[in-house]
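Residue-level structural notes
Below are the chains, spelled out letter by letter.
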Amino acid sequence: MAFQGLQLRFIRFLGPAKEPAVFTFTKGLNILWGSSDTGKTFLVQAIDFMLGASGKLRDIPERVGYDRILLGITTADGKDYTLQRSIDGGSFRRFDGLVTETPQDKKAGKNLSAIHTVKNYNNLSHWLLQEIGLDKREILWSSTDGENRSLGFRALAHLCVIIYPKITQAISPLYDGQYQDQT
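What you see is a predicted model, and the numbers here were worked out from it, not measured in a lab.

Parameters at a glance
Residues numbered from 1 in each chain as written. Predicted model: local features only at pLDDT ≥ 70, side-chain atom pairs only at ≥ 80, totals over all residues. Heavy atoms only, no water. Helix = DSSP H or I, 4+ residues; strand = E, 2+ residues; numbered from the N terminus. Buried < 20%, exposed > 50% of the residue type's maximum accessible area, 1.4 Å probe, protein only. Polar contact = N/O pair within 3.5 Å; in protein donor to acceptor, adjacent residues only side chain to side chain. Contact = heavy atoms within 4.5 Å. Pairing = 2+ DSSP bridges. Axes fitted to C-alpha atoms, helices over the stretch in contact; angles between N-to-C directions. Phe/Tyr/Trp six-rings, centres within 6.5 Å; stacked < 30°, edge-to-face > 60°. Lys NZ or Arg CZ within 6 Å of the ring centre and 35° of its normal.

Residue placement: Thr74 occurs in strand β3 (residues 68–75). The buried category is assigned to Thr74, whose relative accessible area is 10%. A polar side-chain atom of Thr74 sits 2.5 Å from a polar atom in the side chain of Asp80. Sequence-distant contacts of Thr74, that is, excluding residues within four places in its chain, are made with Leu6, Gln7, Arg9, Lys79 and Asp80.

Here we come to the side chain of Thr82. The residue Thr82 is located in strand β4 (residues 80–86) in this model. Its relative accessible area of 0% is what places Thr82 among the buried residues. Polar contacts involving the side chain of Thr82 include one to the main-chain amide nitrogen of Val99, which spans 2.9 Å. Residues contacting Thr82, with those up to four places away along its chain left out, are Phe10, Leu70, Leu71, Gly72, Arg93, Arg94, Phe95, Gly97, Leu98 and Val99.

We now examine unusual backbone geometry. In this structure, Ala17 is a non-glycine residue whose phi angle is positive, near 60 degrees. Considering the arrangement of structural elements, one finds Ala17 in the loop between β1 (6–14) and β2 (21–24). The class for Ala17 is exposed, based on a relative accessible area of 88%. One non-glycine residue, Asp37, adopts positive backbone phi at about 55 degrees. As for its position among the elements, Asp37 is in the loop between β2 and α1 (40–50).

Turning next to the sheet that holds β3. With respect to topology, six strands assemble into an open sheet ordered β2-β1-β3-β4-β5-β6, the strand pairing being antiparallel. Unpaired on one side and paired on the other, β2 and β6 (110–112) mark the two borders of the sheet. The sheet shows a mean angle of 20 degrees between the axes of neighbouring strands, taken without regard to direction. Here β1 runs beside β3; their pairing, made up of eight bridges, is antiparallel. Looking at the pairing, Gln7 lines up with Thr74 of β3. Where α1 meets the sheet, it contacts β1, β2, β3, β4 and β5 (89–96), and its direction lies at approximately 110 degrees from that of β1.

Turning our eyes to something else, we now look at α1. A large share of α1 lies buried, amounting to eight of its eleven residues. Of the positions making up α1, those classed as buried are Phe42, Leu43, Val44, Ala46, Ile47, Asp48, Phe49 and Met50. Gly52 occupies a position one or two residues after α1 and carries a positive phi of about 110 degrees.

In this section: the packing of aromatic side chains. Applying the stated criterion across every chain yields a total of four aromatic pairs. Measuring from ring centre to ring centre gives 5.1 Å for Phe23 and Phe25, while their planes differ by 70 degrees; the resulting arrangement is edge-to-face. Residue classification places Phe25 among the buried residues on the basis of a relative accessible area of 11%. Relative to Trp127, the ring of Tyr81 has its centre 5.1 Å away and its plane inclined at 80 degrees; by these criteria the two rings are edge-to-face. Of the two residues, Tyr81 sits in strand β4 while Trp127 sits in helix α2 (residues 124–132), which places them 46 residues apart along the sequence. Its relative accessible area of 11% is what places Tyr81 among the buried residues. Chaining the aromatic ring pairs together yields one cluster made of Phe13, Phe42 and Tyr66. For the cation-ring pair, Arg85 lies above Phe49, with the distance from its terminal atom to the ring centre recorded as 4.2 Å.

The following block contains the structure:
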């Protein structure tokens, strides 16, 4: 199966008694630029967070009052989905279509674990890899031992979302700092 891309459509921050904060993406390359301390790095970190980065999203004053994030995605075959995640991290909920509010129906959507594992394919990493045509692949983990491991989406995420400090460092932004990932 050939590699297939994903298109980000929007990222939307929601919270009770707060007006939604939305950034809409256009088709093709999107470049965030502007003055210092205007939220560019935070937005890129939020995208990475919605693509499975672990931990909590960085706390900034503008984030106060928001409790969840929606990320709209269109797959290569033209299907639209929306991922929802708590600002505090944890699992995801995937909805069919591009939704701008959390559906009232508690049964709507599908829960996806944030943790990549081959024992349970009901996780975000597996779903994203399936959508781009790289599911159930292995990568070389140790060349000395000849050990392979299951490819997880996080091994590719740093190739998709590049934060400013990575662009200006002396080594390629393709290296994420993990010695094993350089193979």
